[in-house]
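Spelled out, the chains give:
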Amino acid sequence: MEGDCSDRRRAGASLKAERTEQANLSCSQAIPFADSTFSHVFTNFGVQLFPDPDLAVSGTFSPLASLLSLTLYPESSRVLRSGGTLGFTSWTSPGWLPLVQRADPSYVPPSLFTSTWATPSALSSSLASLGFHSILVTEKRFKTKHARAKEWVERMGMTVPLYAGEVGQKVRELLEKEQGMGEITLEWVAWVVTAIKA
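Not measured: the values here are computed from a predicted model.

What counts as what
Here, residues in each chain are numbered from 1, in the same order as that chain's written sequence. The predicted nature of this model means local features are confined to residues of pLDDT at least 70 and side-chain atom pairs, given and counted, to a pLDDT of 80 or more, with totals for whole chains, interfaces and linings taken over all residues. Only heavy atoms go into the side-chain values, all of them from the structure, while hydrogens and water stay out. Think of it in three bands: residues with accessible area under 20% of the maximum for their type are buried, residues over 50% are exposed, and the middle band is partly exposed, with areas taken using a 1.4 Å probe on protein chains only. Put simply, DSSP marks the helices as runs of H or I at least four residues long and the strands as runs of E at least two long, and each gets a number from the N terminus on. Directions are taken from the helix axis to each C-beta atom, and the arc is the one they span. The contact definition used throughout considers only heavy atoms, calling two residues in contact when any of these lie within 4.5 Å. Here a polar contact is taken to be a pair of N or O atoms separated by no more than 3.5 Å, where protein atoms must pair a possible hydrogen donor with a possible acceptor and residues adjacent in sequence count only if both atoms sit in side chains. Put simply, a nonpolar core is a bunch of buried Ala, Val, Leu, Ile, Met, Phe, Trp, Tyr and Cys residues held in one set by side-chain atoms that sit within 4.5 Å of each other.

Engineer: When you look at helix α6 (residues 149-159) in this model, what are you seeing that I'm missing?
Structural biologist: Each full turn of the α-helix corresponds to 3.6 residues, which orients residues three or four apart in the same direction. Within α6 the residues assigned to the buried category are A149, W152, V153, M156 and G157. Along the axis of α6, the buried residues cluster in a sector spanning 140°; they form a single face. On its buried face, α6 sits against α3 (97-103), β3 (132-146), α7 (166-179) and β4 (184-197).

Engineer: Would you take a moment to explain the side chain of T89 for this structure?
Structural biologist: Tracing the backbone through its elements, the reader meets T89 in strand β2 (residues 80-93). Judged by relative accessible area, which is 5%, T89 ranks as buried. Polar side-chain contacts of T89 include one of 2.8 Å to the side chain of N44.

Engineer: Would you take a moment to explain the nonpolar core for this structure?
Structural biologist: For soluble globular proteins, the rule of thumb is that nonpolar side chains tend to be buried together. Core analysis: the biggest nonpolar cluster contains 22 residues, and W96, L99, V100, W152, Y163, V171 and L175 have the highest contact counts within it. Mapped onto this core, the elements with two or more residues apiece are α3, α6, α7 and β4. When near neighbours in sequence (up to four residues on either side) are disregarded, L175 contacts L99, A149, W152, G180, I184 and L186.

Listed below in structure tokens is the structure:
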């Protein structure tokens, strides 16, 4: 299932689906299954790809509430059985973000990574207000290793356009200055969230 329903993302998902025994390519905002079909619904780092994550809900600005109520919640909750588990992961600090912020101080990161809702208490409160219970929010920190800064920046430039230009060059220079010309290490931080549907 894709959060980003653009043709480009659908094409990539179609290639993945062809390699599996059974797959259903669909948009997360229009899941083609009946109500209460699944015991589990999980989105792995997909919330960043949902369209319009920063829409206001009830006249107040709440990225998580809008995200859950406008994308994840209606469809995921609809296809999730009562007593079923909703799970999702979301970056709070992807490994590339601090580097870009240092390379380009004018860069404004997506609110998904900086808003005050991205705390365990705010996540729990938002999910509870949407009718979930037994909510568990866990921060996960991990490090990734990459052969060299040059190759990593080039790969990132294919998926994060910001890395394809001057900012990418500055990031590469930062990494090489701080970590040398060989292997580099990046730290990533994410939330892993689970909740039970009432």
